[in-house]
Amino acid sequence: MFKAIVLDKAEDQQTVAFKELDEAQLPEGDVTVRVAYSTMNYKDALALTGSAPIAKSYPMVPGIDFAGVVESSDNPDFKPGDQVVLNGWGVGEKHWGGLAEKVRVPGDWLIPLQTPFTERQAMGLGTAGYTAMLCVLALEKQGVKPEDGPILVTGAAGGVGSVAVAVLAKLGYDVAAMTGRPEEADFLKMLGASSIVDRAEYSEKGRPLAKEQWAGAIDVAGGQVLANVCAAMKYRGVVAACGLAAGMGFPATVAPFILRGVTLVGVDSVMAPKAERLEAWKRLAQDLDINKLENLITDVPFEQVIDQAPLMMKGQIRGRIVVPVAGE
Ligand code: NDP
């Protein structure tokens, strides 16, 4: 038997509870992993609170990330005792996920834990951190360089945003951190932000083209914020968009794209190919100050995850949450 958070549906209402499950109930897969750490991303908070239809079937074990040790494997790439990490692939949505003591998944979805990270540090990054790195790689692939000008990071005090600020600063970029929480200014400066932008300046409908300010941007907000960010890009600036914290809409005009040659790059972490995942994790190992990572992490006991989810929905979580499931 093993313990897991289970989402279920009763009379059209989603329920969430801790349950003892039998290993025989685990879904299909050729690798069984004993979870050491999981985490709570924005998508997990959506799932736990039932704020969006993240679970595609019931019962569902949430948790889009986990790090742990292989217990048994029929996959030639993994053997018992290997330390592994999983991010995305629909785990916690279509396939039982990481907020459980055990998971079973196709080995193709796993990557080895990357040196020098511990399992806890890997979950300190989690999907949010790996997505932040995918966004940085997207800017680099479009040719954005530190000397081109400042980079704006939205939702900077959240998971994706805080890792993005720390990585960009270490790479030598001039980073402007947008936040709705002015009280997090010192935290963001400690991560390497050189200036703080008030989210309110970007939250209302703006002009199709604003003053040219940013050579690049990483946006977790979407909605009106993303529209205003696009309008404030420098000529040929690049925006990497990965989130919808401000909304699913995109009330923009084409002006930044056709008059300033702005590029809008979409970033998806869930189905990203394995080679890109490994590249992102290797770059995190190289380009993130591990001491700063510690400052991003808040440990939340497994038993308290359900209670923490509403705080994340309200944007009140700083940095990243790590959930020791069976960690030291
Ligand atoms: P967090 O909750 O940790 O951070 C989100 C941050 O967004 C908040 O901390 C807050 O930062 C900011 N925010 C909240 N509400 C608003 C608003 N109305 N307008 C503008 N900003 C707001 O979430 P994550 O960092 O884990 O995820 C961020 C987004 O990225 C989510 O939408 C998530 O779904 C998405 N995402 C997408 C992935 C992909 O593969 N495309 C992968 C991972 C995440 P502050 O207080 O500093 O303003």
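The following refers to the structure shown. It should be emphasised that the depicted structure is a prediction, and the values quoted were computed from it without experimental measurement.

Within the secondary structure, valine 144 is located in the loop between helix H2 (119–141) and strand E8 (151–153). Note on valine 144: relative accessible area 7%, which makes it buried. Sequence separation between valine 144 and glycine 216 is 72 residues; the distance between their C-alpha atoms is 6.8 Å. Excluding residues that lie within four positions of it along the chain, valine 144 makes contacts with Leu139, Ile151, Tyr173, Ala215 and Val238.

Another aspect to go through is the packing of aromatic side chains. As enumerated under the stated definition, the model contains three aromatic pairs in all. Measuring from ring centre to ring centre gives 5.2 Å for phenylalanine 18 and phenylalanine 302, while their planes differ by 85 degrees; the resulting arrangement is edge-to-face. Of this pair, phenylalanine 18 sits in strand E2 (residues 13–21) while phenylalanine 302 sits in the loop between strand E14 (297–299) and helix H10 (305–313), and the two are 284 residues apart along the sequence. By relative accessible area, which is 2% here, phenylalanine 302 ends up buried.

The subject of this paragraph is the site of the ligand. Residues in close proximity to the ligand total 26 residues, the closest being Val160, Thr179, Gly180, Arg181 and Ser269. Take glycine 159: an N or O atom from its main chain is 2.8 Å from an oxygen atom of the ligand. Side-chain polar atom of threonine 179 to an oxygen atom of the ligand: 2.6 Å apart, as the coordinates give it. Coverage of the ligand by the protein amounts to 88% of the 910 Å² it exposes when considered alone.

Next up on the list: H10. Regarding H10, the residues found buried are Val305, Ile306, Gln308, Ala309 and Met312. The buried residues of H10 occupy one face: seen down the axis, they fall within an arc of 150 degrees. Summarising the contacts, the buried residues of H10 are in contact with strand E1 (2–10), E2, strand E3 (31–40), helix H1 (42–49) and strand E15 (320–324). Looking one or two residues beyond H10, the residue adopting positive phi is glycine 315, at roughly 70 degrees.

Bringing the side chain of glutamine 121 into the picture now. Structurally, glutamine 121 is set in helix H2. The contacts of glutamine 121, once residues within four sequence positions are left out, are Pro116, Ile290 and Leu293.

Another point: the pattern of salt bridges. Throughout the structure, instances matching the rule amount to 15 salt bridges. For the salt bridge of glutamate 303 with lysine 3, the shortest nitrogen-to-oxygen distance reads 3.3 Å. Placement of the pair is glutamate 303 in the loop between E14 and H10 and lysine 3 in strand E1, with a sequence separation of 300 residues. Here glutamate 279 ties to lysine 141 by a salt bridge, and the two come within 3.6 Å at their closest N and O atoms.

Only a minority of non-glycine residues have a phi that is not negative, and only a minority of peptide bonds are not trans. For the bond from tyrosine 58 to proline 59, the omega torsion is -10 degrees, close enough to zero to count as cis. Structurally, proline 59 can be placed in the loop between H1 and strand E4 (65–73). Cis peptide bonds are those with omega within 30 degrees of zero, and the linkage from threonine 115 to proline 116 qualifies with 10 degrees. Within the secondary structure, proline 116 is located in the loop between strand E7 (111–112) and H2. A positive phi angle, near 60 degrees, is found at tryptophan 89, a position not held by glycine. Summarising the element assignment, tryptophan 89 is placed in the loop between strand E5 (83–87) and strand E6 (102–105). Judged by relative accessible area, tryptophan 89 falls into the buried class, the value being 16%.

Ile218, Trp281 and Leu284 are the most contacted members of the largest nonpolar core, which has 53 residues in total. By residue number, the principal contributor to this core is H2, which donates 13 residues. Val33, Val70, Leu99 and Ile306 belong to the second largest nonpolar core, which has 27 residues in total.

In the structure, H2 departs most strongly from a straight axis at glycine 126, where the bend amounts to approximately 70 degrees. The buried fraction of H2 amounts to 21 of the 23 residues, a majority that puts the element mostly inside the structure. At the C-terminal side of H2, glycine 143 shows a positive phi close to 90 degrees.

Parameters and conventions
Residues numbered from 1 in each chain as written. Predicted model: local features only at pLDDT ≥ 70, side-chain atom pairs only at ≥ 80, totals over all residues. Heavy atoms only, no water. Helix = DSSP H or I, 4+ residues; strand = E, 2+ residues; numbered from the N terminus. Buried < 20%, exposed > 50% of the residue type's maximum accessible area, 1.4 Å probe, protein only. Contact = heavy atoms within 4.5 Å. Phe/Tyr/Trp six-rings, centres within 6.5 Å; stacked < 30°, edge-to-face > 60°. Near = heavy atom within 4 Å. Polar contact = N/O pair within 3.5 Å; in protein donor to acceptor, adjacent residues only side chain to side chain. Areas by Shrake-Rupley, 256 points an atom, 1.4 Å probe, with all protein chains shown as cover. Arc of directions from axis to C-beta. Salt bridge = Lys/Arg side-chain N within 4 Å of Asp/Glu carboxyl O. Core = buried A, V, L, I, M, F, W, Y, C linked by side-chain atoms within 4.5 Å. Bend = angle between axes of the 7 residues up to and from the residue.

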